[in-house]
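Close look at the chain arrangement
Residues per chain, in single letters:
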Amino acid sequence: MIQTESLKDSLLRLQNTTPLVLNITNAVVMNNTANALLAIGASPLMSDATEETSTLIDIASSLVINIGTLTSRTVMAMKCAASHACQTGRPWVLDPVGAGATRFRLDTSRLLLEYKPTVVRGNAAEIQAIFSSQGANDNTTRGVDSLLATEDVADFAKEAARQHNTVIAITGATDIITDGERLVRIDNGHPMMARVTGTGCTATALTGAYLGVQDDALIAATAGLASLAIAGELASTSARGPGTLQLNILDELYNLKPETLARYLKLT
Amino acid sequence: MIQTESLKDSLLRLQNTTPLVLNITNAVVMNNTANALLAIGASPLMSDATEETSTLIDIASSLVINIGTLTSRTVMAMKCAASHACQTGRPWVLDPVGAGATRFRLDTSRLLLEYKPTVVRGNAAEIQAIFSSQGANDNTTRGVDSLLATEDVADFAKEAARQHNTVIAITGATDIITDGERLVRIDNGHPMMARVTGTGCTATALTGAYLGVQDDALIAATAGLASLAIAGELASTSARGPGTLQLNILDELYNLKPETLARYLKLT
Amino acid sequence: MIQTESLKDSLLRLQNTTPLVLNITNAVVMNNTANALLAIGASPLMSDATEETSTLIDIASSLVINIGTLTSRTVMAMKCAASHACQTGRPWVLDPVGAGATRFRLDTSRLLLEYKPTVVRGNAAEIQAIFSSQGANDNTTRGVDSLLATEDVADFAKEAARQHNTVIAITGATDIITDGERLVRIDNGHPMMARVTGTGCTATALTGAYLGVQDDALIAATAGLASLAIAGELASTSARGPGTLQLNILDELYNLKPETLARYLKLT
């Protein structure tokens, strides 16, 4: 359904063209997100100032919005950025961190959803929260962690992607990506990755980088999630714990070659 | 006075129950704090938005407030959070970073103190500043570093803990923890830890994690400080400098076992 | 033109006196900046609260202002800090990150320039943007990256430094530092450093540390840039990628000796 060749080609294009990626992201992962984008070969811009977001979106290849640490000021910056990206046709990816945990996050996520993100990347609970009609729901989420497996929301996500004309990428033990027609699963990664803060945010940022070089958003999201999962898998072999793992992931992203991606990829 | 068994038991409970810890903390250490909490087995939430702090405190096991990088907005968020935690009986720990350095930090620390923190964790100068009746005082502090040894304020802290009905945890070459009745000293750690930013903040966050599983706040604070000191001690053996040390500490926290804690602990 | 002895002497003084360095810097590099300052032997203070900046400048040896992630609030904090430093004769260094990318950054940089920074540290495009009379210009910058080599703006920078009575430090493959009379070049470093976020910001912060112990600002800036370039060069020998590199740089800064600086320095 997805050709491995298209993923290899996307990585090659990313490395050859160094796409500019504008990030409005949370304060916890800002450093690590910038480093992951630099490592894989993109050029990160970090800014949440309404004074300059439109200008930066115009020169950027894509936009990443991550709601992990919101304030009323940054909600407004995100709204302006999403609106401008939507209006000018710039591809953008939304990461609704903890959408199921609080009303503030849920409302912000749904507000941003109106500006037609090219990809929405979250865990199973976040995807269910943002695309269902329910309120913030403690039964499927625990803080920012999902109590659901990705498979639990696969059908729901496929239908939601179709209705919203977007790509939905759900990370977990098995990653699921769907555009409402196609649905792919990635079986790479390592459990220790859940012990490093912001690995999901990194998957989102890498998807943003691929959106800058790949028009088929399903392929871009699959390439983003696969790049991180495989880097994490390789990084874990020599990691004594999550400290070394976080560091090794950056090294592996830097050393990632199209052939490595193809060799380790477990796609179904 | 404190049984090693109670510390081992606390770590075991932490690892088995993954307590949710809400952090309103400074921008410098946010990533590292989240990673330290994940490494030891807790689940970190990072948020300083008044729109959601009450909701998050209600689902969290404990709250950490760290004043390292204040703005008028975050002072208000901290006040709301401390007030809600106090009112609902949620255990919380206050880290008055640089309380002796500026009037702004001192006033904020004392304001928060009114909401009865379960534990106050600081260096010797910070503890003296917040609990004395004096103003910001350059003679005991240099920026955010203490010019006093923990022993210099041991008696003062014991009396302050008694008067304020709180636990005071003072980090330094020797750590001191007191609830006004009991007073324990920890002689673990490594001097190079002072060359990594935010090690004190990590001690505070780990104390917060233990407060989520241990009702005796003296034991929780002792477990928090001992976990970091021992992880730092083990991490230093293979560290070429503070870069490797910071990373190794996360790995050691991840690999920390109750027996390791008991074996290396130097408690008096 | 610059004696290596003066650089060795500056490092020795830095290590012996632990200068306090106040940083108003961007959210991406805050942790790494604090760690780099601690590693080399300085004492970092991080604060952008107008409530306390004047107090902190008074106790600090020097001030670092970095505009990497601006908001209207932090622009005001920077203005107050620069004004106070200028008025009280405290040495300070300005890092106009992305000055050529947006009007917001350019205007802020030029506003701060009025408060007579002791050193301005940027890449070639940023230096040209801030000191020329032109508007934000896409032809010389791509996001926060320069499309110009440092040599392209060497003469321009020398003249600008003379006119503004400041020191201009330009980082790139070859670093250039000039005070309008003297001009030195540093040929150290490693290309992989460009794949770690905020290496330029670290060069700025280290320059700030040296300004606290060295009155000759040309020597201070040269020592700052040389320390990072040599640490990066040494760090790269055992780095598998940018993750390891970032970490190794902190270790090398920690282990940097005056003799190491002298042995590896390629100054022309």
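Residues numbered from 1 in each chain as written. Chains lettered and ligands numbered in written order. Predicted model: local features only at pLDDT ≥ 70, side-chain atom pairs only at ≥ 80, totals over all residues. Heavy atoms only, no water.

1. Remarks on the relation of the copies chain C and chain A
Rotating chain C by 120° and translating it 0.0 Å along the rotation axis places it on chain A, where the RMSD comes to 0.0 Å. Expressed as a symmetry operation, the mapping of one chain copy onto the other fits a three-fold axis. In terms of proximity to the rotation axis, the leading residue of chain C is C:Ala27, whose C-alpha is 4.0 Å off the axis. Little of the interface of chain C is mirrored in chain A: 3% of its interface residues are interface residues there too. (Least-squares fit on C-alpha atoms with pLDDT ≥ 70 in both. Contact = heavy atoms within 4.5 Å.)

2. Here we look at the interface of chain B and chain A
Every contact between the two is made by 31 residues of chain B and, on the other side, 29 residues of chain A. For the pair chain B and chain A, the summed buried area comes to about 2400 Å², and 54% of that belongs to carbon and sulfur atoms. Our count for the contact surface shared by chain B and chain A stands at 2 salt bridges. Note that B:Glu52 and A:Arg105 form a salt bridge whose closest N and O atoms lie 2.9 Å from each other. Inspection of the region where chain B meets chain A yields 14 residue pairs in polar contact (both at pLDDT 80 or more). Taken together, the elements giving at least two residues each to the side of chain B that touches chain A come down to helix H2 (30–40), strand S2 (43–46), helix H3 (53–59) and helix H10 (242–255) of chain B. With 7 residues, the top contributor of residues to the side of chain B that touches chain A is H2(B). Counted by class, the side of chain B that touches chain A contains 16 nonpolar, 9 polar and 6 charged residues. (Buried area = accessible area lost by both parts, 1.4 Å probe. Salt bridge = Lys/Arg side-chain N within 4 Å of Asp/Glu carboxyl O. Polar contact = N/O pair within 3.5 Å; in protein donor to acceptor, adjacent residues only side chain to side chain. Helix = DSSP H or I, 4+ residues; strand = E, 2+ residues; numbered from the N terminus. Nonpolar A, V, L, I, M, F, W, Y, C, P; charged D, E, K, R; others polar.)

3. Comments concerning the pairing of strand S9 (residues 175–178) of chain A
Residue and element names in this part refer to chain A. Both faces of S9 are covered, namely the face carrying Asp175 and Ile177 and the face carrying Ile176 and Thr178. Pairing between strand S8 (residues 167–170) and S9: 3 bridges, direction antiparallel. Paired with isoleucine 168 across the two strands is threonine 178, which belongs to S9. The loop that links S8 with its antiparallel partner S9 comprises 4 residues. Bridge count between S9 and strand S10 (residues 183–186): 4 bridges; the pairing is antiparallel. (Buried < 20%, exposed > 50% of the residue type's maximum accessible area, 1.4 Å probe, protein only. Pairing = 2+ DSSP bridges.)

4. Some thoughts on the UniProt feature "binding site: ATP" (unreviewed entry) in chain A
All names here are of chain A. The UniProt entry lists Arg121 and Thr171 under the feature "binding site: ATP" (unreviewed entry), expressed in the numbering used here. The largest pairwise C-alpha distance within this set of annotated residues, which runs over 51 residues, is 7.5 Å, so the set is compact in three dimensions. In this fold, arginine 121 is placed in strand S5 (residues 119–122). Once residues within four sequence positions are removed from consideration, arginine 121 is found in contact with Val93, Leu94, Asp95, Pro96, Ile127, Ala169, Thr171, Gly200, Cys201, Ala203, Thr204 and Leu225. Polar side-chain contacts of arginine 121 include one of 2.8 Å to the side chain of aspartate 95. By secondary structure assignment, the location of threonine 171 is in the loop between S8 and S9. Threonine 171 sits in the buried class, given a relative accessible area of 18%. Those residues in contact with threonine 171, other than ones at most four positions away along the chain, are Arg121, Gly122, Asn123, Ala124, Thr150, Ala203 and Leu225. (UniProt positions renumbered as here; feature names shortened; annotations may be inferred.)

5. Here we look at the pattern of salt bridges
In this structure the tally under the stated criterion is 33 salt bridges over all chains. We note a salt bridge from A:Glu159 to A:Arg162, for which the minimum N-O separation is 2.8 Å. Taken together, the residues A:Glu159 and A:Arg162, both in helix H7 (residues 154–164) and 3 residues apart, mark about one turn of the helix. Exposure remark for A:Glu159: the relative accessible area of 35% places this residue in the partly exposed category. Between B:Arg13 and B:Asp9 there is a salt bridge, with the nearest N and O atoms lying 2.6 Å from each other. With B:Arg13 and B:Asp9 both in helix H1 (residues 4–17), this residue pair falls 4 residues apart, about one helical turn. Among the ionic contacts, a cluster of salt bridges with common partners joins A:Asp179, A:Arg182 and A:Asp216.

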